[in-house]
Amino acid sequence: MAPDAIVTQGLTKHYGKLVAVDHVDMRVPSGSVFGLLGPNGAGKTTIIKVLTGLSDITEGEAAVAGYDVRRDPMHVKQNVGWVAAEVILDDDLSGWENLWLQAKLQRLDNWKDRAEALLRYFSLGDRRKDKVGTYSTGMRKKLEIALALLHQPQVIFMDEPTIGLDPSTRHMLWELIRGVHTEFGISVLLTSHYIEEADALCDLISIIDHGRFVATGSPTELKAKVKADLIDLETVEAVDEARFRAIPGVSDVRAQGKGWILRVSSAEEVLPRLLATLRADGIRRINVEKPSLETVFLDVTGRRIGQDEGEVLDYRKFYAQMRRARR
Amino acid sequence: MSAETRFAGVPAARSVPSHAIPQGSQFAGLYIREVLKTFRNPFVLVITVVQPFMWLAFFGSSFSQVPLSELDLLLHAQIQSYLQFLLPGTLSTSMLAIGMFGSMSTIQDKRFGFMKRILITPTSKATVYLTKALGSTTRGLVGIPVMVGAALLFGVHINGDPLLWAGWIASLALLGFGFCCLFLAITASSTDWQTPGVISNFITMPLMFASGALFPSANFPTWMQYIADFNPVSYAALFGRDIVLSGTAHWIYLGYVALFAGAMVAIGTLVASRYLKVE
């Protein structure tokens with residue numbers, strides 16, 4: 001049996017007083033796609049930085065591709081590929097020259113045939129001599145994945161690979177990532193804060209929050225853990241929490257912003273009772289969620305993914321309104 | 001384990017097995033990248049050609065109304081023109097500022113994330129540092145033939161022979177490399193675009209004037225003479241000036257410049273290995 005692609009034990013990273021990664025134990029089986037799912041700032045990118053030797057480990061142990069990250073970072077780097085959240089290429093060089101530079105940095109012999117094959121695989125052969133600065137975002141992402149594959153790494157780190165992409169390019173990349181995994185048989189550690197992305201691509205997922213792993217399993221296992229439906233609602237009038245708890249079938253109640261999250265055995269059974277209870281108070285909004293990674297995240301962290309970024313979105317709205325007002 | 005069915009028949013690209021991970025291939029790749037990026041920029045090429053002419057035309061003409069006999073007394077040398085005196089000094093001072101380009105290029109790589117791309121490969125920080133320094137030095141050296149050609153067009157006579165000229169170029173290369181190393185070491189942990197310009201002004205101005213590059217240090221006050229005596233710019237300028245004016249060389253001056261470059265590369269490599277920031 002092949003050894004695990006990545007193993008960590010008590011992996012911890014501090015930036016001054018900030019604990020970015022907090023005693024993480026991780027085991028990524030060889031040949032699997034392992035997802036780190038969590039909101040921005042949860043510690044996903046930091047984990048990639050310490051596992052690739054870009055950042056020092058504060059505490060704990062980590063091995064990647066069979067090499068100790070602390071003691072042998074150079075051999076780790078020889079055996080890993082990297083796809084950045086923001087596409088990072090040298091725009092002044094052509095696609096071919098970017099591949100050439102990657103071959104030099106990885107000290108490769110006989111790289112040209114493989115580079116040609118990769119360019120064909122990613123449909124970039126016709127643009128190989130053009131400067132990368134003239135490529136579309138999708139083409140740049142493809143070239144970045146080709147760079148990551150050039151030296152036949154054992155593990156590829158994909159840090160938010162589809163962030164900022166339009167839906168069609170995102171789905172194209174999902175297909176590519178699935179293809180790369182099937183075709184090349186490489187272990188992939190993928191970070192994302194898109195729940196549907198983790199659900200679609202990963203064999204195993206760890207939910208990370210404030211630098212800690214709060215749940216790990218396959219998407220199916222994680223969904224099975226919830227064993228409950230969630231009802232997300234907001235009322236017109238203030239309601240006492242005890243009234244929700246008194247409804248048969250409601251197992252947990254949490255305040256969520258201006259509304260409530262009810263954990264229920266079966267939404268179909270509880271919903272009529274709930275509506276009867278709240279008839280006089282008026283319901284402004286109600287949403288039923290069946291078990292999904294979204295509900296898993298909500299269940300284990302008590303928040304929705306991306307909820308903390310709400311204030312930023314509000315600022316964006318504010319500035320958009322300001323711009324409109326100036327016109 | 002790897003299936004790679006579609007890649008059947010394609011020769012595998014294998015890493016050279018090694019425990020110490022030699023840096024030759026990475027060094028060559030990064031150095032060539034620096035050179036390609038520099039010389040693909042049309043503004044760099046135009047400025048490289050035009051600037052020496054401007055230096056010689058404007059600065060070199062500043063004593064044109066002074067009789068030659070008075071200039072000889074002022075400059076403590078037998079000269080054909082102030083331009084002949086100025087040329088080696090101008091070339092030396094031009095090497096002072098070239099470290100700024102390597103520093104800016106490093107900061108650009110940090111800010112655009114390319115430093116991460118480089119350092120997620122078996123490339124050491126020292127290799128990155130040295131290629132940046134060598135790339136900047138190369139950029140500086142390209143100005144030498146242009147400036148010498150411009151001086152010849154202005155009618156400057158250059159004495160010496162090919163061996164002496166090679167020594168002169170070596171002194172300028174070592175001076176430039178030394179200052180690039182110093183510059184990059186100072187800015188190793190910086191990610192601010194403004195830092196290289198500020199450091200350049202801080203280093204360039206005092207070292208340019210407190211040297212024998214533009215005027216003989218014999219005319220300086222005592223405190224400035226002390227600085228000039230330690231300033232490697234003085235020695236590169238004096239080494240070149242002896243060759244240009246009389247076709248002779250004090251090789252000890254070249255030795256001093258080499259010592260400076262050696263010290264800077266040693267200190268800079270240590271500093272960069274420890275403090276070169278990834279982003």
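The rules we used
Residues numbered from 1 in each chain as written. Chains lettered and ligands numbered in written order. Predicted model: local features only at pLDDT ≥ 70, side-chain atom pairs only at ≥ 80, totals over all residues. Domains from an automatic or database assignment. Pairing = 2+ DSSP bridges. Helix = DSSP H or I, 4+ residues; strand = E, 2+ residues; numbered from the N terminus. Contact = placed C-beta atoms within 7 Å. Axes fitted to C-alpha atoms, helices over the stretch in contact; angles between N-to-C directions. Expected span 1.5 Å × (residues − 1). Bend = angle between axes of the 7 residues up to and from the residue. Buried ≥ 20, exposed ≤ 12 C-beta atoms within 10 Å, placed from the backbone. Core = buried A, V, L, I, M, F, W, Y, C linked by C-beta atoms within 7 Å. Parallel < 35°, antiparallel > 145°, perpendicular 65-115°, else oblique. Left-handed = near helix turned anticlockwise from the far one by under 90°. Nonpolar A, V, L, I, M, F, W, Y, C, P; charged D, E, K, R; others polar. pLDDT = per-residue confidence, 0-100.

Considerations on the domain arrangement of chain A
- Taken domain by domain, chain A holds domain 1 (6-222) and domain 2 (228-290).
- Its C-alpha centre places domain 1 of chain A at a distance of 41 Å from the equivalent point of domain 2 of chain A.

So, the sheet that holds strand β5 (residues 67-68) of chain A
Residues and elements named next belong to chain A.
- Spatially, the four strands line up as an open sheet ordered β2-β1-β4-β5, and their pairing is antiparallel. Edge strands, defined here as strands with exactly one partner in the open sheet, are β2 (18-28) and β5.
- Relative to β5, strand β4 (residues 59-64) runs antiparallel, the two being bridged by two bridges. For V64, the partnering residue across the bridge sits in β5 and is Y67.
- Contacts between helix α1 (residues 44-51) and the sheet are confined to β1 (6-15), β2 and β4, with β2 contributing the most and set at about 70° to the helix.

Some thoughts on helix α2 (residues 42-59) of chain B
All names here are of chain B.
- End to end, α2 covers 26 Å across 18 residues, agreeing with the expected 26 Å (1.5 Å per residue, within 8%).
- Maximal helix bending in α2 amounts to about 25°, located at V50; proline P52 follows within four positions.
- Inspection of α2 places P52, W55 and L56 among the buried residues, and these make up the whole buried set.
- In this structure, the buried residues of α2 make contact with α4 (82-94) and α7 (125-153).

Quick notes on the nonpolar core
- Of all hydrophobic cores here, the largest spans 163 residues; its most connected members are V64(A), A146(A), L150(A), V155(A), C181(B) and V257(B).
- Of the residues forming this core, the biggest block, 14 residues, is contributed by helix α8 (residues 162-186) of chain B.
- Composition of this core by domain shows at least three residues from each of domain 1 (6-222) and domain 2 (228-290) of chain A.

Observations regarding the sheet that holds strand β12 (residues 250-256) of chain A
Residues and elements named next belong to chain A.
- With antiparallel pairing, the four strands of this open sheet are ordered in space as β12-β13-β11-β14. One side of each edge strand has no neighbouring strand; the edge strands of this open sheet are β12 and β14 (283-289). On average, each strand axis in the sheet is tilted by 20° relative to the strand beside it, whichever way the strands run.
- Sheet topology places strand β11 (residues 229-235) next to strand β13 (residues 259-264); five bridges connect them, and they run antiparallel. Bridge assignment links L233 to a residue of β13, and that residue is W260.
- Sitting on the sheet, helix α10 (residues 267-277) touches β11, β12, β13 and β14, and the angle it makes with β11 is about 20°.

Some remarks on the environment of S30(A)
Residues and elements named next belong to chain A.
- Topologically, S30 is positioned in the loop between β2 and β3 (33-37).
- Residue classification places S30 among the partly exposed positions, given that 18 C-beta atoms sit within 10 Å.
- Separated by 24 residues in the primary sequence, S30 and I6 have C-alpha atoms spaced 7.9 Å apart.

A few points about the packing of α7(B) against α8(B)
Residue and element names in this part refer to chain B.
- As a packed pair, α7 and α8 sit with axes 9 Å apart at the nearest point and diverge in direction by 140°. Considered as vectors, α7 and α8 are oriented oblique to each other. As α7 packs across α8, the resulting crossing turns out to be right-handed. Taken together, the residues of α8 that come into contact with α7 (itself represented by Y129, K132, A133, L134, S136, T137, G140, L141 and I144) are I169, L172, A173, G176, F177, C180, C181 and L184.
- Partitioning the contact of α7 with α8 into residue classes produces twelve nonpolar, four polar and one charged.

Concerning the confidence of the model for chain A
Residue and element names in this part refer to chain A.
- Residue-level pLDDT values for chain A average 86, and 92% of them are 70 or greater.
- Within chain A, no element has a lower average pLDDT than helix α12 (residues 310-326), which sits at 49, and none a higher one than helix α3 (residues 95-105), at 97.
- Overall, residues 310-316 carries pLDDT values under 50, and its contacts beyond four positions in sequence, including any with other chains, amount to zero contacts.

Brief notes about the environment of Y194(A)
- One can find Y194(A) in the loop between β8 (187-192) and α7 (195-201).
- C-alpha of Y194(A) to C-alpha of D90(A): the two residues are 104 residues apart in sequence and 28 Å apart in space.

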